Amino acid sequence: MENNTVKVGLVGFGTIGGGVADILLNKKEEIRRRTGKSIELVKICDKDTTSDRGVKIPGGILTDDLSEIINSPIDIVIELIGGLEPARTFVLDFLRAGKDVVTANKALVANHGPELFDEARRLGRTIAFEASVCGGIPILSSIATSLQANTIMSIDAICNGTSNFILSQMEGKGADYDDAVKEAQRLGYAEANPSMDVDGTDAVQKLTIMAQLAFGVKTDWRSIPRTGIDIVKALDIRFARRLGKRIRLLATAKRVGCDTQNQAAPAGVELKVSPTLVPETSPLAKVCDAFNAVQIIGDFVGPVFYQGLGAGRKPTASAVCSDVIDTALGRTRTTFGALNLWSPDRESVPVIEPDATAEKAYLRFKVEDHPGVLAKTTGILGQHGISISSLLQDAAEDGTGANLIILTHEAPSGQLAAAIEEIDESSFVLEKTVKMSVRD
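We now turn to the structure provided with this report. Small disclaimer: the values here were computed from a predicted structure and weren't measured.

A closer look at the overall build of the protein
Part 1 of the argument: When you go through the protein residue by residue, the secondary structure sums to 15 helices and 16 strands.
Part 2 of the argument: In summary, the protein has a C-alpha radius of gyration of 24 Å against a globular reference of 22 Å for 440 residues, a match within 12%.
Part 3 of the argument: Each principal axis of the C-alpha atoms in the protein carries an extent, and together these give about 80 × 50 × 35 Å.
Part 4 of the argument: Buried residues in the protein amount to 52% of all 440 residues.
Part 5 of the argument: Within the protein, contacts between residues at least 6 apart in sequence are counted, and of these 74% link residues at least 24 apart.
Part 6 of the argument: Total accessible area computed for the protein in this model is approximately 18,800 Å², and 48% of it derives from carbon and sulfur atoms.
Part 7 of the argument: When the 48 basic and 57 acidic side-chain charges of the protein are each reduced to a single mean position, those positions are 5 Å apart.

Some remarks on the packing of aromatic side chains
Part 1 of the argument: A complete count under the given rule lists six aromatic pairs for this structure.
Part 2 of the argument: For the ring pair Phe-117 and Trp-342, a centre distance of 4.9 Å and an interplane angle of 50° mean the geometry is tilted. Of this pair, Phe-117 sits in helix H5 (residues 106–123) while Trp-342 sits in the loop between helix H13 (331–339) and strand E12 (358–367); the two residues are 225 residues apart in sequence, bridging distant segments of the chain. For the pair shown, Phe-117 and Trp-342 are each scored as buried.
Part 3 of the argument: Between the aromatic rings of Phe-165 and Tyr-189, the centroid separation amounts to 4.7 Å while the plane-to-plane angle is 45°, which identifies the pairing as tilted.

With respect to the nonpolar core
Part 1 of the argument: Core analysis: the largest hydrophobic core is formed by 86 residues, its most contacted members being Ile-139, Ile-155, Phe-215 and Ile-296.
Part 2 of the argument: With nine residues, the single largest contributor to this core is helix H10 (residues 201–215).
Part 3 of the argument: Those residues in contact with Ile-139 that sit more than four places away from it in its chain are Glu-130, Val-133, Cys-134, Val-294, Ile-296 and Tyr-306.
Part 4 of the argument: Val-20, Ile-39, Leu-41 and Val-55 belong to the second-largest nonpolar core, a separate cluster that totals 27 residues.

A closer look at unusual backbone geometry
Part 1 of the argument: Of note, the amide linkage connecting Glu-85 to Pro-86 takes the cis form, showing an omega dihedral of 10°.
Part 2 of the argument: Relative to the elements of secondary structure, Pro-86 occurs in the loop between strand E4 (76–79) and helix H4 (87–96).
Part 3 of the argument: Of note in the backbone geometry, Asn-340 takes a positive phi value of approximately 55° without being a glycine.
Part 4 of the argument: Looking at where Asn-340 falls in the secondary structure, it is placed in the loop between H13 and E12.
Part 5 of the argument: Positive phi values are uncommon outside glycine, yet Trp-342 reaches one of about 55°.

Notes on the sheet that holds strand E1 (residues 5–11)
Strand pairing within a sheet occurs via backbone hydrogen bonds; the two strands may be parallel or antiparallel.
Part 1 of the argument: An order of E3-E2-E1-E4-E5-E6 is seen for the six strands of this open sheet, with the pairing classed as parallel. Both edges of this open sheet fall to strand E3 (62–63) and strand E6 (127–128), since each of them pairs with a single strand only.
Part 2 of the argument: Pairing between E4 and strand E5 (residues 100–103): four bridges, direction parallel. Bridge pairing in E5 links Ile-76 to Asp-100.

A look at the pattern of salt bridges
A side chain with one charge may pair with a side chain of the opposite charge, provided their charged atoms come close.
Part 1 of the argument: On inspection of all chains with the given rule, the structure shows 32 salt bridges.
Part 2 of the argument: A salt bridge links Lys-272 to Glu-359; the nearest nitrogen and oxygen atoms lie 3.1 Å apart. Remark: Glu-359 occurs in strand E12 and Lys-272 occurs in strand E9 (residues 268–279); sequence separation between them is 87 residues.

Rules of the game
Residues numbered from 1 in each chain as written. Predicted model: local features only at pLDDT ≥ 70, side-chain atom pairs only at ≥ 80, totals over all residues. Heavy atoms only, no water. Helix = DSSP H or I, 4+ residues; strand = E, 2+ residues; numbered from the N terminus. Rg over C-alpha atoms; globule rule 2.2 N^0.38 Å. Buried < 20%, exposed > 50% of the residue type's maximum accessible area, 1.4 Å probe, protein only. Contact = heavy atoms within 4.5 Å. Areas by Shrake-Rupley, 256 points an atom, 1.4 Å probe, with all protein chains shown as cover. Lys, Arg positive; Asp, Glu negative; His and termini not counted. Charge placed at Lys NZ, Arg CZ, Asp CG, Glu CD. Phe/Tyr/Trp six-rings, centres within 6.5 Å; stacked < 30°, edge-to-face > 60°. Core = buried A, V, L, I, M, F, W, Y, C linked by side-chain atoms within 4.5 Å. Pairing = 2+ DSSP bridges. Salt bridge = Lys/Arg side-chain N within 4 Å of Asp/Glu carboxyl O.

The structure is reproduced here in structure tokens:
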């Protein structure tokens, strides 16, 4: 890429791929004027070579033969097929063929980051992945470059647009969970099987990537505590309102035991994904529909807030093309080498074991409605050292039992878990306890 022409190949020509092709083909001259580089999309590979993607493709570009990408004199390959395999194998093939890679595949980066980044370093190649987290929000580059003078203290991210849309429907229109999911599917925000969005998998994979960038954390995303929005009911939305709160699915990374005044080494980083009650006056509470947002606190800059569309053809394609431009201009090579991501040589902050963390909690119990049940429930919490800050009680909507809502003061997560387990085993409990995090 030493001359002013950079040749690009695209693998995966679905919704996002169509948006990327649209930008690279139709904004070619604008990009050249701004960057001094002529970025040419020379090959697109996809199994489907007949469907209309809504963008006019010059003849000879579209193929179903991957070898035309691997064996052509292409500088940068964009991987947009998604999933783990064959994406992992393809990316390794591209790197070994002497090509830099741009990807929007958060599952690939979260699962195979160490292997792929080590291979890229060994071969003198780069991998750019801005679009893998929060779509059009440039959050990864902000962590990696704009905030590099800071010690990052915490990250709170609404990073799954599907979940946020569902919660917004429940909050704004009074929809129950199932109806909100159906509306998200109708509008194309949710897949036919939305499990990876609503159970927190998508958010925790993105959190893994942000934590590696911000803290050097090396951890399997499967080990991070996660709770999805599939536990949230309309009554939780109503109770949250009565408490002056809104429920948002937050992916959180927080330094624990760090003295910012003397820059003492932190004890570790707490990681989790959970529906969280946030104050209705907070910026995170105001993020609605399919929007994403990330709040970062740095030791010098303080809180900074990013918001934008986190998914969809245009925002994600924008982030992919920004990575292509950065790679073409050599910026990716500079940051890729400096960050040393997923390298065994990079200093890593340890992850705090979940039971060793502390939190304020929202607990919803469905219990028998007779005298003494409240005392038994609060008594078990007290035996485990859990102090109560608020309590609400309503008759259950189905006419059986009562809903008991308890907000706790900050307590060790391990003690909360033990108390919940004991309560759930009690004869007066009608349904498994629901727990969410609470923010002041």
